[in-house]
Amino acid sequence: DSDLCDSSLVDATTGFPSRAVDPKTGKQEPWPSPFILMADRGICSFVQKARNAQHAGAAGLIIADNVCQCNDDKCLAMEQDDKDDNASFLTNCQGTEPIMADDGSGGDITIPTFLMFKYDAAQIKKEVKDRDSTVQIEMSWALPHPDSKVEYELWTVPSEEVSKDFQKDWKDVAVKLGDKVFFHPRQYIYDGVKTRCRYEGKDMCFTLCTNEGRYCATDPDNDLEHGISGADVVREALRRICVWKYHGKDGLGMKYWDYISEFLKRCDSDDFFANEDCVRDAMKHAKIDKKQIDQCMDDTGGLEKDSNKALDDEIEEASRKGVVVLPTMFVNTAPMRGALNSQTVLNAVCAGFTEESQPSVCATCRECDDVVTCVKKGVCKKSGKSYSAGGGGGVSKKTFGTTLLLMCALFGAAGYIHWRKTREEMRDQVRGILAEYMPLEGGEDPHQSPMDFARAGQSASLIS
């Protein structure tokens, strides 16, 4: 009975199903832990709802969608039962699945939050409210396993900042995964016609587009007159499409990753992003034929007039998959959105394998704090400790025992040396003291030297 948008209105003594009433307060008993809350979508952001549910002590949150999918016949039929005008509710349906995304402030959210389709959520609401009974829900996330090979693709643009570190580091991990994975990089291009940058065959968006306003990208520095332009981003995106076309057929794309690394190292700045000499240098170090790539860019339709087949394909595919947040990665068709790093991507890719088909790098490095170091050096750093990547994350009993004996021997030897040194120093001090005194009168041997006693100390104990 709350939309979870106002934290001050989240009351643990309200909601369904009903509980026993506390005679002292006259209110229902609080929700028994652990519990999962369900709230309707709308009014405020997903992040705000999740934060308020977390503060209320919920173990998870289910957000019930408030609009039917246009292809969900059951939901549409349910809506029609409540409305007389068939057209009125059809216009309110949504053609694509809604996307839950972080608004940038969700770093403190630790509980899982799922979005449930309206029809499915209605069945749970009916059970909880009408029958006044609890419903057990299991919240789990799993990737499909269509075969022994995992397919994954990254949607981004050359100017996107969030995934750059991942793109710099991923090559070594991709090599370790080998032929058990198939990667495909994708470029997100804005349709100039839909964004109204192309009007009556003319470019209405200044430097944001190519092909007379047909293909566009946002300006990275929000300065249309200086720095990197949207058209520069589209040009580099097409270049990367062509690099992958010739050097990514194996699904690994070693030269593609080399080019990305060289470009980010040499050309990723306002002064050199669109500099052809810098691009040529990056391709030279990546051992890529620039003439071949330039020819590919021209063959697909170029960036001057008419259309470009390669860019049209990217726009169509992005629309089909519902890509609206960058970067987005799909692993076996399951989307991952937001910040990407080598560890999160490796975990997702490894989750896409069946247990029998996982490559060895999944077992040795996926739980490490630094995946890249584990892959390169074979050292897995986890929770402040270091282990050999091939050692199963532990130390054998034999190694532990040997190390313990060596340490005992080392400390024993150091103690013995210290004892001998202290003993000799004590003797030297005694000799010095006795040498300063004359023999006592009436001694048995008047010719005995005080030093004779000191010398005798070499064979007699001074303390017993």
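Look above for the structure.
Residues numbered from 1 in each chain as written. Predicted model: local features only at pLDDT ≥ 70, side-chain atom pairs only at ≥ 80, totals over all residues. Heavy atoms only, no water.

What is the right way to read the state of the cysteines from this model?
A covalent bond between the sulfur atoms of two cysteines is referred to as a disulfide. Counted according to the given criterion, the structure contains 10 disulfides. With its sulfur 2.0 Å from that of its partner, Cys-365 forms a disulfide with Cys-374. Handedness of the Cys-365-Cys-374 disulfide follows from its S-S torsion of about -75°: it is left-handed. Overall, the relative accessible area of 2% leaves Cys-365 in the buried class. Under the relative-accessibility criterion, Cys-374 is labelled buried at 2%. (Disulfide = S-S within 2.5 Å. Buried < 20%, exposed > 50% of the residue type's maximum accessible area, 1.4 Å probe, protein only.)

Would you explain unusual backbone geometry in this entry?
Across residues other than glycine, the phi torsion is negative in most instances, and most of the peptide bonds are trans. For the bond running from Phe-16 to Pro-17, omega is -5°, close enough to zero to count as cis. At the junction of Leu-326 and Pro-327, the peptide bond is cis and its omega measures out at -5° in the coordinates. With respect to the helices, strands and loops of the structure, Pro-327 is situated in the loop between α10 (309-321) and β11 (328-331). Here the phi dihedral of Asn-211 falls at roughly 50°; this positive angle occurs in a residue that is not glycine. Along the chain, Asn-211 turns up in the loop between β9 (209-210) and β10 (215-216). (Helix = DSSP H or I, 4+ residues; strand = E, 2+ residues; numbered from the N terminus.)

Explanation requested: the sheet that holds β9 in the structure shown.
Here 3 strands make up an open sheet; going across it, the order is β6-β10-β9 and the pairing antiparallel. At either margin of the open sheet sits one strand with a lone partner, and together these are β6 (190-191) and β9. With 2 bridges connecting them, β9 and β10 associate as antiparallel partners. By the bridge assignment, Thr-210 is partnered in β10 with Tyr-215. (Pairing = 2+ DSSP bridges.)

How should I be thinking about the packing of aromatic side chains in this particular structure?
For the structure shown, the criterion picks out 11 aromatic pairs. With a centroid separation of 5.2 Å and 55° between ring planes, the pair formed by Trp-31 and Phe-35 is classed as tilted. The class of Phe-35 is buried, set by a relative accessible area of 12%. Seen from their ring centres, Tyr-152 and Phe-183 are 4.9 Å apart, and the 45° between their planes marks the pair as tilted. With Tyr-152 in strand β4 (residues 150-156) and Phe-183 in strand β5 (residues 181-187), this pair connects stretches of sequence that are 31 residues apart. Look at Tyr-152 and you get buried, because its relative accessible area is 3%. (Phe/Tyr/Trp six-rings, centres within 6.5 Å; stacked < 30°, edge-to-face > 60°.)

How should the pattern of salt bridges be read in this particular structure?
Oppositely charged side chains can form a pair if their charged atoms are brought close together. Inspection of every chain in the model, using the stated rule, returns 27 salt bridges. The closest approach of N and O atoms between Arg-186 and Glu-153, which form a salt bridge, is 3.9 Å. One end of the pair, Arg-186, is in strand β5; the other, Glu-153, is in strand β4, with 33 residues separating them in the sequence. In terms of burial, Arg-186 and Glu-153 fall into one category: buried. (Salt bridge = Lys/Arg side-chain N within 4 Å of Asp/Glu carboxyl O.)

What should I look at first to understand the nonpolar core in this one?
Nonpolar side chains in soluble globular proteins tend to end up buried together. Judged by nonpolar contacts, the single largest core of 70 residues is most densely connected at Tyr-152, Trp-170, Tyr-259 and Met-329. The leading source of residues in this core is helix α6 (residues 230-247), at 8 residues. Those residues in contact with Tyr-259, other than ones at most four positions away along the chain, are Glu-236, Arg-239, Arg-240, Val-243, Val-279, Ala-282, Met-283, Ala-286 and Ile-288. Listed in part, the 13 residues of the second largest apolar core include Leu-4, Trp-31, Ala-39 and Ile-111. (Core = buried A, V, L, I, M, F, W, Y, C linked by side-chain atoms within 4.5 Å. Contact = heavy atoms within 4.5 Å.)

Sorry, what's going on with the packing of helix α5 (residues 164-177) against helix α7 (residues 254-266) here?
For any two helices packed against each other, the geometry is given by the interaxial angle and the distance between the axes. Across the interface, α5 lies against α7 with an axial gap of 9 Å and an inter-helix angle of 150°. For the element pair α5 / α7, the angle class is roughly antiparallel. For the element pair α5 and α7, the recorded crossing hand is left-handed. On α7, the residues touching Lys-164, Gln-167, Lys-168, Trp-170, Lys-171, Ala-174 and Val-175 of α5 are Met-254, Trp-257, Asp-258, Ile-260 and Leu-264. Across the contact of α5 with α7, the residue classes break down as 7 nonpolar, 1 polar and 4 charged. (Axes fitted to C-alpha atoms, helices over the stretch in contact; angles between N-to-C directions. Parallel < 35°, antiparallel > 145°, perpendicular 65-115°, else oblique. Left-handed = near helix turned anticlockwise from the far one by under 90°. Nonpolar A, V, L, I, M, F, W, Y, C, P; charged D, E, K, R; others polar.)

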